[in-house]
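Take a look at the letters that make up each chain.
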Amino acid sequence: MSERKYFSPLARGLHWIMALMILAMLFIGVAMVASTGPAYHRLVGLHRPLGIAILALAFLRLVNRVASGAPSLPTTLPQGIRLIAGSSQVALYLLMIALPLVGWAMLSAGDYPVSITGGVTLPPILSPDPALYASLRALHTWLALGLFGVILAHITGALVHGLLLRDGVFQAMLWRRPQVRTQIE
């Protein structure tokens, strides 16, 4: 039996949908901090349900990853690079789950509703506590900065694999598999 070279279609779909959602969320978060008035409230109205959607999809993605696995990294990669790759994957999953949970906890501690689409409001997960709200708000900011850094490292690694090493790691997450060219003689 040959080893799988590509992620499952569900894994690839979740990866690219969540990549767009997370990048949008980071930019919305930055814009929220810099906004006031109606613009701020519109951005908050996007930020909260998008965060909950990312949380739900992150759990789905984690279950799929455990069930489906992932293609192995090339054996030509040094052990240190393999360790960094594995650690960055763990960091991405932890941050995709922790960041929305901390946001939800922060809003609960601040006695703010977490409204999602259709007028549905999630229950608070903490009792109101202004001091805890302040601490969780700072933690949420630091986790977002950490996620931004891990994403930059992830993109850099993907580009190194795709453009320099050309070892199949980048292609494993693409929708279209590269065509195998045959030479006609």
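Residues numbered from 1 in each chain as written. Predicted model: local features only at pLDDT ≥ 70, side-chain atom pairs only at ≥ 80, totals over all residues. Heavy atoms only, no water.

**Q** Describe the UniProt feature "transmembrane region" (unreviewed entry) in the protein, with residues and values.
**A** Residues annotated in UniProt with the feature "transmembrane region" (unreviewed entry) correspond here to residues 12-34, 46-63, 83-107 and 142-165. Spanning residues 46-63, this segment combines 100% helix with 0% strand, and its end C-alpha atoms are found 26 Å apart. A helix fraction of 100% and a strand fraction of 0% characterise residues 83-107, whose end C-alpha atoms lie 36 Å from each other. (UniProt positions renumbered as here; feature names shortened; annotations may be inferred. Helix = DSSP H or I, 4+ residues; strand = E, 2+ residues; numbered from the N terminus.)

**Q** Explain the packing of helix α1 (residues 9-33) against helix α4 (residues 130-165) to me, and be specific about the residues and the numbers.
**A** Viewed as axis vectors pointing N to C, α1 and α4 meet at an angle of 135°, and their least axial separation amounts to 11 Å. In terms of orientation, α1 lies oblique with respect to α4. As for the relative orientation of α1 and α4, their crossing is left-handed in sense. Within the contact between the two elements, α1 uses His15, Ile22, Leu23 and Leu26 and α4 uses Ala144, Leu147, Phe148, Ile151 and His154. Partitioned by chemical class, the residues of the contact of α1 with α4 number seven nonpolar, two polar and no charged. (Axes fitted to C-alpha atoms, helices over the stretch in contact; angles between N-to-C directions. Parallel < 35°, antiparallel > 145°, perpendicular 65-115°, else oblique. Left-handed = near helix turned anticlockwise from the far one by under 90°. Contact = heavy atoms within 4.5 Å. Nonpolar A, V, L, I, M, F, W, Y, C, P; charged D, E, K, R; others polar.)

**Q** Talk me through the side chain of serine 108; I want residue IDs and the actual numbers.
**A** When you line up the elements, serine 108 lands in helix α3 (residues 79-109). Of the residues examined, serine 108 reaches a relative accessible area of 3% and is grouped as buried. In this view, serine 108 contacts Pro124, Ile125, Leu126, Ser127 and Pro128; residues no more than four positions away in its chain are not counted. (Buried < 20%, exposed > 50% of the residue type's maximum accessible area, 1.4 Å probe, protein only.)

**Q** So what's going on with the side chain of histidine 140? Which residues, and what values?
**A** Structurally, histidine 140 can be placed in helix α4. Here histidine 140 is in contact with His47, Leu99, Val102, Gly103 and Met106, once residues within four sequence places are set aside.

**Q** Explain unusual backbone geometry to me, and be specific about the residues and the numbers.
**A** Positive phi values are uncommon outside glycine, yet aspartate 111 reaches one of about 60°. Looking at the secondary structure, you find aspartate 111 in the loop between α3 and β1 (114-115). With a phi angle near 45°, arginine 166 is a residue other than glycine that sits in the positive phi range. With respect to the secondary-structure elements, arginine 166 resides in the segment after α4. Taking relative accessible area as the criterion, arginine 166 reaches 65% and is therefore assigned exposed.

**Q** Help me get a handle on the layout of surface pockets, residues and values and all.
**A** The volume enclosed by the second largest pocket comes to roughly 900 Å³. Together, 33 residues line the second largest pocket, and Gly29, Met32, His47, His140 and Ala144 are the ones closest to its centre. Elements supplying a minimum of two residues to the lining of the second largest pocket: α1, α2 (37-68), α3 and α4. Grouping the constituent residues of the lining of the second largest pocket by class yields 25 nonpolar, six polar and two charged. (1 Å grid on protein atoms, 1.4 Å probe; cavity = no way out; pocket = protein on both sides within 12 Å on 5 of 7 lines; lining within 4 Å. Points joined across faces, edges and corners; volume = space filled by probe spheres on them.)

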